[in-house]
Amino acid sequence: MGNLECVVATGGTAEAKPYTFRAHPRTLPVLARHFDGFSLANNHSGDFGEAAFAEQLALMRAEGLPYFGGGDDLEAAHRPWLIERNGLRIALLGYVEFKPRSFEAGVGRPGVAWGSEDEQVIEDIIAARERYDADIVIPFMHWGWEEEGEPSERQKRFAREMLDAGADMVVGAHPHVTQGAEIYKGKPIVYSLGNFLFNGFETEATRTGWTLEATLDRNGVASWRTRVVRLDADGTPHPDADGESPCGKRSDTQAQVCHGS
């Protein structure tokens with residue numbers, strides 16, 4: 001899965017923002033060949049307005065490309081993407097905390113799931129187990145400040161609250177740089193994966209990202225690892241053969257901090 005940091009549509013009008021991202025629908029079959037699904041909970045999904053976002057939802061459904069963290073209304077945006085593999089039922093939830101909040105879904109209004117309503121996020125995590133019978137729950141957060149290599153106190157506090165509420169792992173993106181990882185009560189937090197496929201960046205930090213692999217069982221995340229990718233001048237990622245993070249096995253350590261290369 002990945003974070004789709006744009007709107008895929010032909011319609012709409014650009015919002016008054018420094019950067020607005022829109023991709024042609026011909027990109028969707030390409031994405032479908034490489035990804036099983038996407039989080040839409042980011043600060044660029046609404047770059048061309050509600051109509052363009054609604055167009056994207058319809059196009060992704062027609063392509064058979066699952067999404068989460070956004071939807072045709074508030075309830076749909078907060079609904080988990082459910083994946084069933086080898087007897088496990090996995091729920092992925094997506095949230096954005098970076099403005100503008102005008103992209104937030106509402107009653108009868110398409111948009112993304114807003115992550116700064118902490119009580120709603122906690123309710124969604126609980127509902128993923130109680131209403132949707134999920135064995136594993138993973139929130140994917142679009143949060144943090146751009147180009148800051150360490151998570152904020154807000155990120156650290158809320159990540160732990162989500163794990164205490166029943167999430168099995170918390171994964172983040174948005175800052176355009178990696179932000180390290182932490183083990184909390186045996187559960188992993190990967191604060192930011194950095195950039196993966198993204199051009200226009202020049203520093204080593206913004207042209208270095210992580211991919212994340214995890215092995216799950218009924219007790220949660222059995223093992224996990226990050227792999228470093230380096231972006232070339234066109235923004236295309238290339239695996240770094242020596243870039244595997246040392247973090248990995250399930251641990252009972254209360255709070256262990258680990259960093260990738």
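In this report, we go over the structure that sits alongside the text. (Residues numbered from 1 in each chain as written. Predicted model: local features only at pLDDT ≥ 70, side-chain atom pairs only at ≥ 80, totals over all residues. Heavy atoms only, no water.)

### A word on the nonpolar core
Turning to step 1, where the next piece is worked out: Among the nonpolar cores identified, the biggest contains 22 residues, and I125, V137, M141, W143, M162, V170 and I189 are the most heavily contacted of them.
Turning to step 2, where the next piece is worked out: Secondary-structure elements contributing two or more residues to this core are β8 (88-96), α4 (118-130), β10 (136-142) and α5 (153-164).
Turning to step 3, where the next piece is worked out: Ranked by the residues each element gives to this core, the list is headed by α5, at 4 residues.
Turning to step 4, where the next piece is worked out: The contacts of V137, once residues within four sequence positions are left out, are A91, L93, I125, A128, R129, G166, A167, D168 and M169.
Turning to step 5, where the next piece is worked out: With 20 residues, the next largest nonpolar core counts L88, L92, V190 and W224 among its residues. (Core = buried A, V, L, I, M, F, W, Y, C linked by side-chain atoms within 4.5 Å. Buried < 20%, exposed > 50% of the residue type's maximum accessible area, 1.4 Å probe, protein only. Helix = DSSP H or I, 4+ residues; strand = E, 2+ residues; numbered from the N terminus. Contact = heavy atoms within 4.5 Å.)

### Considerations on the packing of aromatic side chains
Turning to step 1, where the next piece is worked out: For the structure shown, the criterion picks out 6 aromatic pairs.
Turning to step 2, where the next piece is worked out: Ring plane angle 40 degrees and centroid distance 4.8 Å describe the contact between F35 and F38, whose orientation is recorded as tilted.
Turning to step 3, where the next piece is worked out: A relative accessible area of 21% places F35 in the partly exposed class.
Turning to step 4, where the next piece is worked out: Chaining the aromatic ring pairs together yields one cluster made of F21, F198 and F201. (Phe/Tyr/Trp six-rings, centres within 6.5 Å; stacked < 30°, edge-to-face > 60°.)

### Here's the deal with the pattern of salt bridges
Turning to step 1, where the next piece is worked out: Scanning the model with the defined rule gives 19 salt bridges in all.
Turning to step 2, where the next piece is worked out: E161 is the partner of R157 in a salt bridge, and the nearest nitrogen-oxygen pair spans 2.8 Å. Of this pair, R157 and E161 both sit in helix α5, 4 residues apart, which is roughly one turn of the helix.
Turning to step 3, where the next piece is worked out: Residue class for E161 comes out partly exposed when judged on its relative accessible area of 30%.
Turning to step 4, where the next piece is worked out: Each member of the salt-bridge network shares a partner with another, and the members are E97, D118, R154, R157 and E161. (Salt bridge = Lys/Arg side-chain N within 4 Å of Asp/Glu carboxyl O.)

### Observations concerning the environment of V228
Turning to step 1, where the next piece is worked out: Summarising the element assignment, V228 is placed in strand β15 (residues 220-231).
Turning to step 2, where the next piece is worked out: Overall, V228 belongs to the buried group, its relative accessible area being 2%.
Turning to step 3, where the next piece is worked out: When the C-alpha positions of V228 and D242 are compared, they lie 8.0 Å apart, and in sequence the two are 14 residues distant.

### Examining the packing of helix α1 (residues 27-34) against helix α2 (residues 49-63)
Turning to step 1, where the next piece is worked out: Closest axis-to-axis distance for the α1/α2 pair is 10 Å, and the angle between their directions is 55 degrees. Overall, the two elements α1 and α2 adopt an arrangement that is oblique. Crossing of α1 over α2 shows right-handed handedness. Note on element contacts: α2 touches α1 through L59, M60 and E63, opposite L28, P29 and A32.
Turning to step 2, where the next piece is worked out: Its residues assigned to classes, the contact of α1 with α2 comprises 5 nonpolar, no polar and 1 charged. (Axes fitted to C-alpha atoms, helices over the stretch in contact; angles between N-to-C directions. Parallel < 35°, antiparallel > 145°, perpendicular 65-115°, else oblique. Left-handed = near helix turned anticlockwise from the far one by under 90°. Nonpolar A, V, L, I, M, F, W, Y, C, P; charged D, E, K, R; others polar.)

### So, the packing of α4 against α5
Turning to step 1, where the next piece is worked out: Where α4 contacts α5, the two axes come as close as 10 Å, and the packing angle between them is 30 degrees. The handedness of the crossing between α4 and α5 is right-handed. Mapping the contact onto sequence places D118, V121, I122 and I125 in α4 and R154, R157, F158, E161 and M162 in α5.
Turning to step 2, where the next piece is worked out: For the contact of α4 with α5, the class distribution of residues is 5 nonpolar, no polar and 4 charged.

### Quick word on the pairing of strand β7 (residues 81-85)
Turning to step 1, where the next piece is worked out: Judged from the 5 bridges that link them, β7 and β8 form a sheet pairing that is antiparallel. Note that in β8 the partner of I83 across the bridge is I90.
Turning to step 2, where the next piece is worked out: Here β7 folds back onto β8 in antiparallel fashion, the turn holding 2 residues, of which N86 has a positive phi close to 50 degrees. (Pairing = 2+ DSSP bridges.)

### Some words on α5
Turning to step 1, where the next piece is worked out: In this model α5 runs 17 Å from its N-terminal to its C-terminal C-alpha over 12 residues, within 8% of the 16 Å that 1.5 Å per residue would give.
Turning to step 2, where the next piece is worked out: Of the positions making up α5, those classed as buried are Q155, F158, A159, M162 and L163. Looking down the long axis of α5, one finds its buried residues gathered within 140 degrees of arc, a one-sided arrangement.
Turning to step 3, where the next piece is worked out: Elements that come into contact with the buried residues of α5 comprise α4, β10, β11 (170-173), β12 (181-184) and β13 (187-190).
Turning to step 4, where the next piece is worked out: Positive phi shows up at G166, right after α5, with a value of about 125 degrees. (Expected span 1.5 Å × (residues − 1). Arc of directions from axis to C-beta.)

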